[in-house]
Amino acid sequence: MAIYEATHENIMKSAEILKNGGLVGIPTETVYGLGGNAFSAEAVTKIFAAKERPFFDPLIVHIADFESINNIAIIESDKVRKLADAFWPGPLTMILKKRENIPLIVTSGLDTVAIRMPNHKVALEIIKNGGGAIAAPSANPFGYLSPTSAEHVEEQLGKRIDMIIDGGNCTIGVESTVIDMTAVIPTILRPGGLEKEKIESVIGEVRMLDRKDKKISAPGQMENHYAPSRSLFIVDTITEEMVSENRSGILLFRENKEFENKNKNIEVLSKDGDLLEASSRLFHCLHLLDKCDIDVIYAQRVPEEGLGIAIMDRLYKASKK
Ligand code: TXA
Ligand code: MG
């Protein structure tokens, strides 16, 4: 069993593993990360290998205090400090100009680097004691559903990593919002746990990269990401026919009591249609449905506002494979 309770002793043990170039499953408020020392090309190579992730998909470097940026990146705009003051620690990743200390494997050869300070006490302790800069993608095999519990990490990658620290279920449940701060107008490359409107309230105009003009410099934009192994269809309304269909699974946004005894493979994102509850449960529900003996998942569309934008982005990607 690679899962360890988040005691002080275990946290220090995981920090030691990280300093020695090993890999640790780390809890954050968004999803679990697969962490390795960001200054060590060797450790980072192990991350790509464990995930079977292509080397052209760059990683996020996680820090525990703002000053740590100075070893990693160059701050060219005062908007960076403003966003950090407002939203760090939190579900926001900023793309900045990279410094040479960070090996090119971390950034897939790009001259920019992604940085985030997670809002999770355990993660911050691990980062602070484990070297100060931890590269961590989501702790899932490449292209598969993201992990929102220590058990998800164990199931998917348990044999390939040294230790998983259990920090409970992720409270946000979708990955961080990734924003390119090197662009003339800051540009959101991946919608996530922090809403665009909140960012705009602090730094003014922000662009959103359209799903259609995606580019490979932001491979989180690749369409076959976050996919379950079943076929997933997004629908406006879940119908009786879908529910009674042989071998179907249903992902409801809100509760619908009428459907409950007609199909046992139903998951509800949020009883009352709360978007934060829905995002925190999204991958959990998809993991559960993916384990059912079914052929298709019908997923009900959620309102595309606030966190609903990130939820729909993940569902859209899950439907493309
Ligand atoms: O919430 C999160 O962000 C989680 C937790 C563990 O912090 N991490 C995460 O990492 O989602 P990952 O590797 O699954 O996604 C990183 C995203 C990818 O879309 C990647 O393309 C983008 O960040 N990215 C990283 N560095 C970049 C860069 N220099 N330029 C553009 N995009 C970059
Ligand atoms: Mg990922």
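Description of the structure in this document. (Residues numbered from 1 in each chain as written. Chains lettered and ligands numbered in written order. Predicted model: local features only at pLDDT ≥ 70, side-chain atom pairs only at ≥ 80, totals over all residues. Heavy atoms only, no water.)

Here strand β10 (residues 177–180) shows a buried face lined by T177 and I179 and a second buried face lined by V178 and D180. Pairing of strand β6 (residues 92–98) with β10 involves four bridges; the strand directions are parallel. Bridge pairing in β10 links T93 to V178. Bridge count for β10 against strand β11 (residues 187–190) is three bridges, and the pairing is antiparallel. Bridging across to β11, I179 finds its partner in I188. Connecting β10 to the antiparallel partner β11 that follows it, the hairpin turn spans six residues. (Buried < 20%, exposed > 50% of the residue type's maximum accessible area, 1.4 Å probe, protein only. Helix = DSSP H or I, 4+ residues; strand = E, 2+ residues; numbered from the N terminus. Pairing = 2+ DSSP bridges.)

This brings us to the environment of Y316. Structurally, Y316 is set in helix α10 (residues 308–319). Its relative accessible area of 23% is what places Y316 among the partly exposed residues. Between the C-alpha atoms of Y316 and F233, which are 83 residues apart in sequence, the distance is 8.6 Å.

Time to look at the nonpolar core. Residues I72, W88, L92, M94, I115 and I199 are the most contacted members of the largest nonpolar core, which totals 59 residues. The biggest single contributor to this core is helix α4 (residues 121–129), with five residues. When near neighbours in sequence (up to four residues on either side) are disregarded, L92 contacts L83, F87, I115, R116, S176, T177, I179, L194 and I199. In this structure, L145, C285, L289 and C292 belong to the second largest nonpolar core, which totals 25 residues. (Core = buried A, V, L, I, M, F, W, Y, C linked by side-chain atoms within 4.5 Å. Contact = heavy atoms within 4.5 Å.)

Within the structure shown, the criterion is met by three aromatic pairs. On the basis of an interplanar angle of 35° and a centroid distance of 4.9 Å, the ring pair of F48 and F55 is categorised as tilted. Classification of F55 by relative accessible area gives partly exposed; the value is 48%. Stacked on the ring of F66, the Lys or Arg R81 has its end atom at 4.1 Å from the ring centre. (Phe/Tyr/Trp six-rings, centres within 6.5 Å; stacked < 30°, edge-to-face > 60°. Lys NZ or Arg CZ within 6 Å of the ring centre and 35° of its normal.)

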